[in-house]
Every structure is written in C-alpha cells, then in structure tokens.
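A closer look at the structure
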Number of protein chains: 2
Amino acid sequence: MDSLKCSPVVTICGMEKTNIAIVGLGTVGTGVARLLLDCGDRTARHAGRTMWLRKAVVRDLEKARQRIDLPEGVLTDSLDEVINDPEITVVAQLIGGLEPARSIMLRLMESGKDIVTANKALLAEHGPELFDRARQLGRSIAFEASVAGGIPIIANISQCLSANQLESLEGILNGTSNFIVSQMDEFGTEYAEVVAEAQRLGYAEADPTMDVDGTDAAQKLAILAHLAFGATVDWSTIPRVGIDGLDPVDLRYARQLGYRIKLLAVATLGEEGLELSVAPTLLKIGTPLAEVRNAFNAIRAVGDAVGPVFYHGLGAGQMPTASAVIADLIDTAVGRTKLTFQTLEYFSSENPARAIQRDTANIRGRFYLRLSVANDPGTLAAIANVLSRNSISIASVIQHESESTLDPNSQRPDRELVPLVIMTHEASEGTAVAATAELEGLDAVEGSVTRLRVKG
Amino acid sequence: MDSLKCSPVVTICGMEKTNIAIVGLGTVGTGVARLLLDCGDRTARHAGRTMWLRKAVVRDLEKARQRIDLPEGVLTDSLDEVINDPEITVVAQLIGGLEPARSIMLRLMESGKDIVTANKALLAEHGPELFDRARQLGRSIAFEASVAGGIPIIANISQCLSANQLESLEGILNGTSNFIVSQMDEFGTEYAEVVAEAQRLGYAEADPTMDVDGTDAAQKLAILAHLAFGATVDWSTIPRVGIDGLDPVDLRYARQLGYRIKLLAVATLGEEGLELSVAPTLLKIGTPLAEVRNAFNAIRAVGDAVGPVFYHGLGAGQMPTASAVIADLIDTAVGRTKLTFQTLEYFSSENPARAIQRDTANIRGRFYLRLSVANDPGTLAAIANVLSRNSISIASVIQHESESTLDPNSQRPDRELVPLVIMTHEASEGTAVAATAELEGLDAVEGSVTRLRVKG
C-alpha cells in the first residue's frame, strides 16, 4: 500500500458522485476502502465522477478499527444503514461463504443497489438464483474479482474476446496450490512441510482444504466455463484431483522428462461436448503455463479468430483483488456493467445451456504412470503387455537401477522394489483408468499406481 | 477462417439491429466482413442485437470481388452510400495511412457515425484533432485493433486496470521485427536474408521500413503512454532504434551471457517523468518477454495495486486483428464505447498532460557493449580506464582468444582484432553515450562500438 502514488478522495465542484458501501472489511475489503479513500483522484479520472465511500459494514467494530482508520460516520455494524440509504447505489459485497452472503446480496439488490462481489463460491453455488433475481429487479452483479484475482479474465472473456468462439481455456486458478507445488518442485520439500510454510507466509488458510483439494479451482472453472461456452455447470460435477496427494518424487521424475507439474483447470470444447477437469498435470518446461511460479495465476484462452491469448498475474492477495473490485465499481458507476449485464444474460435459468459437459471417460490425452515394481526379470514385459492389451502405447520409460529398495510395509518385505515411470502416447481417460486397475492387480506391481495427465 | 464454428447472420424477430459499414476491404476488412456475415450468431449473442453488415466501401470493386463474396447490394465504391444512409450508425474504418483516412473519418463522424479503427499511425499523428472532433459531435472512436492486434490491451489499460497507477509498460509491439529477430536468433541467419524470408511468408511488407526501424512500435507506444500515463506524446520524439542494424553476432553473445535480444518498447514512470524508448534490448532468458517468439506480441504492465500483469498473443494477422475490430463494434453497438469515450476524454487537447516525457540522457540502466579491439597488451586496461573515468562499472566481460581476425578494411590491416563484449552495471544513458564516444576514440578500438540496453 505504501507504494500507491495517489491523492485522497476529493469532491470536485459540479462532478457527479457515486455513493458506495462496502459490506465486509476483511483483507480485500480493507484494500478496497484504502483505494477509494486514498486514491480518489484516479478513481474519479477513470469513472468521470467521484467514487465516494459512504458506509463500511462490519460485524465487529473493534476489529475493524484496528485494521483501518475510516472517516467519521463511515464504519457501522448495521446493514440497515446501507439498505435504508437510497443515495448508496453500489455495494462491494465482500463477505465470504454462502450464508449470510446470499441473503445479504438479495436484500441489497431488493433495496436498489448494484452489486460488486469477489465471492466465487456464492456464484458457483447460487449463480442462477442471484442473477435471475438481479435481472427481475433491474440490478447488476459484477464479479471480476471472483476468478484469478488481479487478472481481468472475466472482462476479457465476456467482452474483449467476444468475436471468438473460444475453443479452450487452461488455467492455473488457485494461487495457494501453485505456491505449494512450486516450492515442492524447487526445493524438493514434502507436501506437509510446504503447507506449514505457506500458512506462515499467509499464502494458505488455517484450513487449506478448499484450495488444495481442487474445490476452489473447480468453482472458478465453472464460472469461466459459463462465460466462455455458455455451459451451466454444477461445479461439484467437475472431475477434480487436488495437490494434497502429490509426492515430490513425481515432480522430480517429471522434471527429468522435461515437465513440471501444476494444478491445471481445463475446459475444452470438442465435437462431443465440453471437457472440464481440475487435476495435477505435467506441462512441458518452457511453455508459459509450466513457468507460472508461486502465488501467480495464469490463463491460456484459445479463440477461433484471435488464436491463443495468455494472461499472467497475481491471483490473490489484498491489492490485486482490490484492483479487480475497484475496476468493477468504476464500470458499475459509469454504467458499463448494466449494459453488459443486460446483454449477456449471465447465468440465466431461461437460456438453454449452449454446451454440454462431456463424460471424462471419453476424453483423450497422454498419461504419466509411476509404479513401484519388483526388480525381477519379466516385470517390464508384464506391464507392457497390460498397456498393449489396452491399446496404450508407451512414449518413454524411466527405470533407475540405483533406486532399488526394500519396502518393510510390503506383504513381501523381502523383494526388491524399483520405481518405474512410463509416459504414454494418447489414450482415453477410461482406458487409462482400466489399465491402471489392471496394473495394480499384477503380482509384480506393489501398491497403487500414480497416474497424472500430460499436456503439450 | 475454415476453423470458425458459427452460423451465418440471421435477423431474429423483435431483436434490435445495428447497421454497420466497413470502409476498406483489405486483409483485416475482409476478416471483419467474414465474421459479421458468417458468425452472426455469436456477435448477436454478445451484442444483444443483430450486427448487420449493410455496406462495404472499396476503391476497386473488381479486386474486392476476388477477395470475398458479399451479399447483393453490400459492396460499393461510393462512400456517399454510407454517409447518406442514416441507418448505418457504426463504421469500421479500415484504411491505412494518413490521407484520405483522416478526411474520411471526419466526414463519417460528421454524418453521425461512430468509428472503429485499426489505424495506429492516424491516431498517433492526428489523435487530438480526431478525438476532439468526435467529442464535439457526440461521436466515439474505438481503437482496440490499433495496438497489439488480438491482445485487448486498450480495454485492459483503459478499463480493467483502472484501479491502478501504472508504473511501467514493456512491450514487444511489432510482430514483423520480432519474427525477424527470432529467426536470426534461432538459425543465426543474417538480417537481410530473414527479411526476404519474412516477405515471402507475408510477415513483412514489400517495404518493411516502418516496422523494422521502430516507427510502428513508437506509434503504438505513444498511444499506450497516453492511455496509461495521460502523456501527450509526439511519437516522433520517442528515442528509437530499430532492428535493421542488428548483427547476428550480438544475438550469439547475448545468449552466451544468458539473454535474448528483442525490440522492446518501454514506458516507465519515475519521479522525474516518463521514460519512453524503443530499442533492441537484452532480456534475461526465461523471463516472459524474452521468450516471445516469431510474430507474437506481448505486454507486461505493472500497476501499483495489481502488480505485474502479462499479456501475450498474436499481434497482427487477419483474424486476430478482426477479433479486436469486432469486439469494438460490439462495444459500440451495446453502448459501452460511448460511456468509456465520454468518461476518459482520450487525447483531449483541453486536458493538461499528466506525465512529462523525460530526457533519455538521465535514464539509468545496464548496457551491453561490443567492441572490436587490438589484440595487444594494454587494450583491456585502456578500455577499463575509460569506463572507470565515466563511473561505469563492469559486470562481466567476454573475450575469446580464438576469434582473432585481420580486418582488410581497417586503416591498419596488419593488426589482429578480437571482439570484446562488456556488460556494465547500472549507468545513465548519457554517461553510456559519452563513454562509448570516448571508447571509439581509443587507438586500441577499431570502428564503432555496438551499445544495447539490458533489462532484468
């Protein structure tokens, strides 16, 4: 914040004024308040009117006072002070979770306020209800901050790339996961250790489950899939694997093969429908998505006219997210949001879905398989036979003689085990699943097989 | 074009219609016409109304008919058919050069049309006149396609990043130059040979001067500097060096040092003003801008709230540029352009410039110097002394014994010359210029010194 170069808010004679309220003064809310209060010159310049912070509603007045020093009369713990103030026309609704966020948003819209929100879980869960209600009431909901933090991907997909039928979106949409995987990759640290470090640094919540198990990325992907493909997706139906089970050894083998592993959210439109998935994926070193480090997010969109467009920026954090919220507040104050909202009919329950989610079993791709196998003659032949029977051809194999070990937990603690890594050529997900199960049934294979997707 | 998945334009009962004209059916104009005609479903969905191509004005009807098959009555060689048709409200003005493009744009606006254009030279040269006139007339000019082709950088800077004071923009803005430099770098080919190849492939015009001498990049940078920093810049005052003098040997040495050379356009806002320049620049291998290949463009913007945001996409070509034009046509039809145009007062001659262009002599940076020097004792000492006297400290030196040569064109054809490459620590541009001149005056130095900037 100290680096912001701006002047405090001023009222300029004859300049229109938009009265704004913030509901929820957490990390992002505080950032938004600061930008509104300290940088009134720039928001006025971009909005053509003064962006005036009139109320900030919090649950705990004392906690809020410790975070930020607001002008007299702005801070309140009464939502009614916003609801009953007709001069407040735009509200940045920045509380997380589903309830009371949902009810508050409905009440605000019913009292005539346009909404700006960062709450992707709420939109992923209750999008159709909230957006239908907004349309009935003639209100708008702007949600740039709900996906990819500071990267303006919502505006880019909804407006800037509107000449295109998008063909695919590939994104690193969860900064926490990417931070953890980057650290594991760079320093060879175990998962649990990096999570603890991420929590110390503020990159992971006390309970990071939603971030590391792929839920957060799936919710964001559901929103993007709606904007890009007109799909109406229940985020919980998106096949997802998190990074919580990732073993550093896979990062190491991937690197030997020329890849990095990232938690990748994918939406691909094919002849047979829309492929959606969130999973740790091997990406070729040197390609832009593979090189996204730490808490950064990135999205690669491919349109049939524009070709590939790549976006990279901070996917979370106070000021990047506040940047997106302020852009939405300005768009709403200027009137652009209303036009976009009326035109695009986001999440309308009346519009039929334009794309149908495809069964992942039919999706084709390449796979990385890691097995722990008996160091015996015939092992590789047995494995190759299983793959061959399933019509999966092998692109490359790594087997290091030196890493042979005994596994005291094995049912056969006397036999030597070696890791075996196989990169396959293209196969369907269904076939890969079946072959994996067959491999796990082989006498030569110890325990379960690690299977990861490969892109590029 | 064959890959476009869309349905032809349809008029839907009760749906509003925006009548559009295209003036100029060159490469981009043809692409725009095709998207309007063949993909009416998607433009209608994004615009909430039918985007109807009513007229396409060309100079040569026969040539146009060979390029594209238009519906009866659309093609004309009379601009008056557009001027005198009050139902046409938006015009994609896609003719290049300054005149008659300027006069035609004025006439179109005077007859009540909003304008969409891709003509960066026209805006860089006559921006204030055209935009002031548009405001007087209550019209708008949209110009997304004028910079970086398919990358929607205009909307992103003007709207999506509006919470930020931008601190810097660094861009690869000329696809032709980047194609040429990438090929020289990858294959070690001489400049002239790659230019011929680029012309064969359609990446360079018959006369590529404006692309390769930095003019095109400087004009685009002037537009971006206005949007991002409120600077009113005469593009011709931006210090610029093209790639037309680039020697493959410098690409090779740069690579040995861990860098690639790119034609980089830079705008940096500092305490003392705005630094603008276009020059071949060494960029650290592995950083996103260094890895931009062939005809791609990229821009790295740093905002004080959002941090760094990186954009990468196709900077030219028929469909990427048409994608930007169509997005502008939709924004204009929906009404967003008008709101933005009224609010931001682009290129207003009444608004004082918010940033002053800084004298490049004061700008600090690192430099790459390549000298051809006598293979004598004392040479390195003499050179090091000059740099030391100018307070320039040396970061690294490359001198290969094996490359010693005789130069038959030298005034002293008997002495052995060796190439010497020096990377400096930070110094001001003015100091580097003075030191270079002093070095060129040394007896031990043959000919002129190659001096390039280094970033990152």
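Everything numeric here is computed off the predicted structure, so don't read it as measured data.

Brief notes about the overall build of chain A
When you go through chain A residue by residue, the secondary structure sums to 16 helices and 17 strands. Against the 2.2 N^0.38 benchmark of 23 Å for 456 residues, chain A shows a C-alpha radius of gyration of 25 Å, consistent with a compact globule. Projected onto the principal axes, the alpha-carbon positions of chain A cover approximately 85 × 45 × 35 Å. Residues classed as buried in chain A amount to 58% of the 456 residues present. A sequence separation of at least 24 residues applies to 74% of the contacts in chain A between residues at least 6 apart. About 17900 Å² of surface is accessible on chain A, with carbon and sulfur atoms providing 48% of the total. Taking the average location of the 42 positive side-chain charges in chain A and that of its 58 negative ones, the two points are 5 Å from each other.

Description of the relation of the copies chain A and chain B
Mapping chain A onto chain B is achieved by rotating through 180 degrees and translating by 0.0 Å along the same axis, at an RMSD of 0.1 Å. In symmetry terms, the pair is related by a two-fold rotation axis. A shared binding surface is used by both copies, with 100% of the interface residues of chain A retained as interface residues in chain B.

Re the sheet that holds strand E3 (residues 75-76) of chain B
Residue and element names in this part refer to chain B. The strand order across the open sheet formed by six strands is E3-E2-E1-E4-E5-E6, and the pairing between neighbours is parallel. Of all the strands in the sheet, the pair left with one neighbour each is E3 and strand E6 (141-142). Here strand E2 (residues 50-57) runs beside E3; their pairing, made up of two bridges, is parallel. Its bridge partner lying in E3, Val 57 is registered against Thr 76. Packing of helix H13 (residues 318-334) onto the sheet brings it into contact with strand E1 (17-23), E2, strand E4 (88-93), strand E5 (114-117) and E6, and relative to E5 it is tilted by some 165 degrees.

A word on the state of the cysteines
Counted according to the given criterion, the structure contains zero disulfides over all chains. We note that Cys160(A) lacks a disulfide partner, and the nearest cysteine sulfur, in Cys160(B), lies 5.1 Å from it. Residue Cys160(A) is classed as buried on the basis of its relative accessible area, which comes to 10%.

Quick notes on the UniProt feature "active site" (unreviewed entry) in chain A
Residues and elements named next belong to chain A. Within this structure's numbering, the places UniProt gives as "active site" (unreviewed entry) are Lys 220. Among the residues examined, Lys 220 registers a relative accessible area of 7% and is labelled buried. At 2.7 Å, the side chain of Lys 220 and the side chain of Asp 216 are in polar contact.

Let's talk about unusual backbone geometry
A cis geometry characterises the amide bond from Glu99(A) onward to Pro100(A), with omega recorded as 10 degrees. Assignment of secondary structure puts Pro100(A) in the loop between strand E4 (88-93) and helix H5 (101-110). Not every positive phi belongs to a glycine, and Phe347(B) is a case in point at roughly 50 degrees. Within the secondary structure layout, Phe347(B) lies in the loop between helix H14 (336-344) and strand E12 (364-374).

Quick look at the interface of chain A and chain B
Of the residues lining the interface, 50 residues belong to chain A; the matching set on chain B comes to 50 residues. Residue Arg42(A) is joined to Asp304(B) by a salt bridge in which the shortest nitrogen-to-oxygen separation is 2.8 Å. Inspection of the region where chain A meets chain B yields 15 residue pairs in polar contact (both at pLDDT 80 or more). For the side of chain A that touches chain B, the elements supplying multiple residues, two or more each, are helix H2 (40-47), helix H7 (153-160), strand E11 (307-314), helix H13 (318-334) and helix H14 (336-344) of chain A. Split by residue class, the side of chain A that touches chain B holds 24 nonpolar, 17 polar and nine charged.

Some details on the environment of Ala47(A)
Residues and elements named next belong to chain A. Examined against the element boundaries, Ala 47 turns out to sit in helix H2. Overall, Ala 47 belongs to the buried group, its relative accessible area being 0%. A sequence separation of 39 residues divides Ala 47 from Pro 86, and the C-alpha atoms of the two residues are 20 Å apart.

A few points about helix H1 (residues 27-38) of chain B
The terminal C-alpha atoms of H1(B), which comprises twelve residues, lie 16 Å apart, in line with the 16 Å expected from a rise of 1.5 Å per residue. On its buried face, H1(B) is in contact with E1, helix H2 (40-47), E2, helix H3 (61-67) and H13 of chain B.

Regarding the environment of Tyr346(A)
Residues and elements named next belong to chain A. Checked against the element boundaries, Tyr 346 lands in the loop between H14 and strand E12 (364-374). Relative accessible area serves as the criterion here: at 8%, Tyr 346 is assigned to the buried category. Placed 76 residues apart in sequence, Tyr 346 and Gly 270 show a C-alpha to C-alpha distance of 22 Å. Among residues more than four places away in sequence, those in contact with Tyr 346 are Phe 131, Arg 135, Phe 143, Ser 158, His 226, Leu 227, Thr 340 and Phe 341.

Some remarks on the sheet that holds E4(A)
Residues and elements named next belong to chain A. Taken in spatial order, the six strands line up as E3-E2-E1-E4-E5-E6 in an open sheet, and their pairing is parallel. Two strands close off the open sheet at either side, each with one partner strand: strand E3 (75-76) and strand E6 (141-142). In the sheet, strand E1 (residues 17-23) pairs with strand E2 (residues 50-57) via seven bridges, with the strands oriented parallel. Residue pairing across strands places Ala 21 opposite Lys 55, the latter belonging to E2. The sheet contacts of helix H1 (residues 27-38) involve E1 and E2, and relative to E1 the element is tilted by about 160 degrees.

Calculation rules
Residues numbered from 1 in each chain as written. Chains lettered and ligands numbered in written order. Predicted model: local features only at pLDDT ≥ 70, side-chain atom pairs only at ≥ 80, totals over all residues. Heavy atoms only, no water. Helix = DSSP H or I, 4+ residues; strand = E, 2+ residues; numbered from the N terminus. Rg over C-alpha atoms; globule rule 2.2 N^0.38 Å. Buried < 20%, exposed > 50% of the residue type's maximum accessible area, 1.4 Å probe, protein only. Contact = heavy atoms within 4.5 Å. Areas by Shrake-Rupley, 256 points an atom, 1.4 Å probe, with all protein chains shown as cover. Lys, Arg positive; Asp, Glu negative; His and termini not counted. Charge placed at Lys NZ, Arg CZ, Asp CG, Glu CD. Least-squares fit on C-alpha atoms with pLDDT ≥ 70 in both. Pairing = 2+ DSSP bridges. Axes fitted to C-alpha atoms, helices over the stretch in contact; angles between N-to-C directions. Disulfide = S-S within 2.5 Å. UniProt positions renumbered as here; feature names shortened; annotations may be inferred. Polar contact = N/O pair within 3.5 Å; in protein donor to acceptor, adjacent residues only side chain to side chain. Salt bridge = Lys/Arg side-chain N within 4 Å of Asp/Glu carboxyl O. Nonpolar A, V, L, I, M, F, W, Y, C, P; charged D, E, K, R; others polar. Expected span 1.5 Å × (residues − 1).

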